Amino acid sequence: MSEYDVVIIGGGAAGLSAALVLARARRRVAVIDAGAPRNAPAAHMHGFLSRDGLAPQDLLTIGRTEVESYGGRLIDGRVTGIDPDTGAGYHVSLAGGAPLRTRRILIATGLRDELPDIPGVRERWGRDLLHCPYCHGYEVRDQPVAVLGGTPEAVAHAHLIRQWSADMILFPHTDTLTADQRHQLTARAIGVVDGPVRRLVVTDDRLTGIELRDGRVIPRVAVFVRPVFVPDNELFLALGCAVDDRGWVVTDATGRTTTPGVWVAGNAANPRAQVITAAGEGSTAAIAINADLVDDDIRNATQKHPNDL
């Protein structure tokens, strides 16, 4: 059985950033990745200093190469279980692979986006059906854009995206706006088109409009939606980590969970973390994990060499 100081589950920006810090700290590190990054549909990544406009997969390729250059091991696979060791560590089981033993675990598996059940939404996700204006707003600036309702905080999202385009329409879809909300939207020149949405209209692999159930088609080139963020918490629950009333794992400022030896970084704990934020959280968790391992090294050393004075 292979033995490591830290096994990192999830090879996105958070996991790879942590692996890089730990490998440079001369820790034995393995990163297990299932190969399904949340931002895979996006053609470009923005807002990451020195990497603005880079394809998400290119960032991961660079990160993987850096981690391997310091001796970190990359494993393409899926974790099927984590069991406490007889000592202070854990056994990590893989689908179709040999189990790993590790002293500490960092989970960076991200989250799931729950989108409105409207034809075209899932297919255009990350392309011209967008979520984050800080990631994609500049690319559709001053163009005819929309916000699709039926999800939490849609009105607030419309006000935010107004920053990037004056040609903005909110489609409440199944939501009912209050009089105050309509007044605020009108005051900021944000249009409102009422009625349930039937589908997104796509022509030549490009979004061209929004069709309502009554047959009206409103031309738009990009649509923003505020999805429901669903925590990917199965591993945390299996490990006995505390979660809050919405299902998000409870951590301290470094990403330490309530289960000894288990940390978290990125969207697995912070749904609003962008790529650069997730990378920073991975670094923070890695430094905390290394410090915890140093404390463990001290305890182990003093037990082997008792003070005879």
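Conventions we followed
- Residues numbered from 1 in each chain as written.
- Predicted model: local features only at pLDDT ≥ 70, side-chain atom pairs only at ≥ 80, totals over all residues.
- Heavy atoms only, no water.
- Salt bridge = Lys/Arg side-chain N within 4 Å of Asp/Glu carboxyl O.
- Helix = DSSP H or I, 4+ residues; strand = E, 2+ residues; numbered from the N terminus.
- Buried < 20%, exposed > 50% of the residue type's maximum accessible area, 1.4 Å probe, protein only.
- 1 Å grid on protein atoms, 1.4 Å probe; cavity = no way out; pocket = protein on both sides within 12 Å on 5 of 7 lines; lining within 4 Å.
- Points joined across faces, edges and corners; volume = space filled by probe spheres on them.
- Nonpolar A, V, L, I, M, F, W, Y, C, P; charged D, E, K, R; others polar.
- Pairing = 2+ DSSP bridges.
- Expected span 1.5 Å × (residues − 1).
- Contact = heavy atoms within 4.5 Å.
- Polar contact = N/O pair within 3.5 Å; in protein donor to acceptor, adjacent residues only side chain to side chain.

Asks: Help me out: how do you make sense of the pattern of salt bridges in this one?
Replies: A pair can form between side chains of opposite charge whenever their charged atoms are brought close. Across all of its chains, the model carries 24 salt bridges by this definition. We note a salt bridge from Asp296 to Arg103, for which the minimum N-O separation is 3.1 Å. One end of the pair, Asp296, is in helix α8 (residues 275–304); the other, Arg103, is in strand β6 (residues 97–107), and 193 residues separate them in sequence. By relative accessible area, Arg103 is classed as buried at 14%. With its nearest N and O atoms 3.9 Å apart, the salt bridge here joins Asp292 to Arg256. You can see Asp292 sitting in helix α8 and its partner Arg256 sitting in the loop between α7 (234–238) and β17 (262–264), a full 36 residues away along the chain.

Asks: Can you walk me through the layout of surface pockets in this structure?
Replies: Any empty space left between the atoms is revealed when a probe the size of a water molecule rolls over them. Estimates place the volume of the second largest pocket at around 330 Å³. In terms of lining, the second largest pocket is formed by 18 residues, of which the most central are Arg127, Asp128, Leu130, Glu139 and Val140. For the lining of the second largest pocket, the element with the most residues is strand β13 (residues 206–212), which contributes three residues. Residue composition of the lining of the second largest pocket, grouped by class: seven nonpolar, six polar and five charged.

Asks: How should the sheet that holds strand β15 (residues 222–225) be read in this particular structure?
Replies: The strands making up a sheet associate through backbone hydrogen bonding, with each pair oriented either parallel or antiparallel. Read across the sheet, five strands follow the order β8-β15-β9-β10-β11 without closing on themselves; strand pairing throughout is parallel. Strand pairing shows two members of the sheet lacking a second neighbour, β8 (129–130) and β11 (191–192), which therefore form its edges. When strand β10 (residues 168–171) meets β11, the two strands line up parallel, connected through two bridges. Directly across from Ile169, in β11, lies its bridge partner Gly191.

Asks: Explanation requested: α8 in the structure shown.
Replies: Since one α-helical turn is 3.6 residues long, residues separated by three or four positions face the same way. For α8, built from 30 residues, the straight-helix expectation of 44 Å at 1.5 Å per residue is met to within 8% by its first-to-last C-alpha distance of 43 Å. Listed as buried for α8 are Ala278, Ala279, Gly282, Ala285, Ala286, Ala288, Ile289, Asn290, Asp292, Leu293 and Asp296.

Asks: Is there a simple way to explain the environment of Asp128 in this structure?
Replies: Following the sequence through the fold, Asp128 ends up in the loop between α3 (121–124) and β8. The buried category is assigned to Asp128, whose relative accessible area is 11%. Remark: the alpha-carbon pair of Asp128 and Thr178, spanning 50 residues in sequence, is separated by 28 Å. Setting aside residues no more than four positions away along its own chain, Asp128 makes contact with Arg206, Leu207, Val221, Ala222 and Val223. Of note is the side chain of Asp128, whose polar atom sits 2.9 Å from the side chain of Arg124. A polar side-chain atom of Asp128 sits 3.0 Å from the main-chain amide nitrogen of Leu207.

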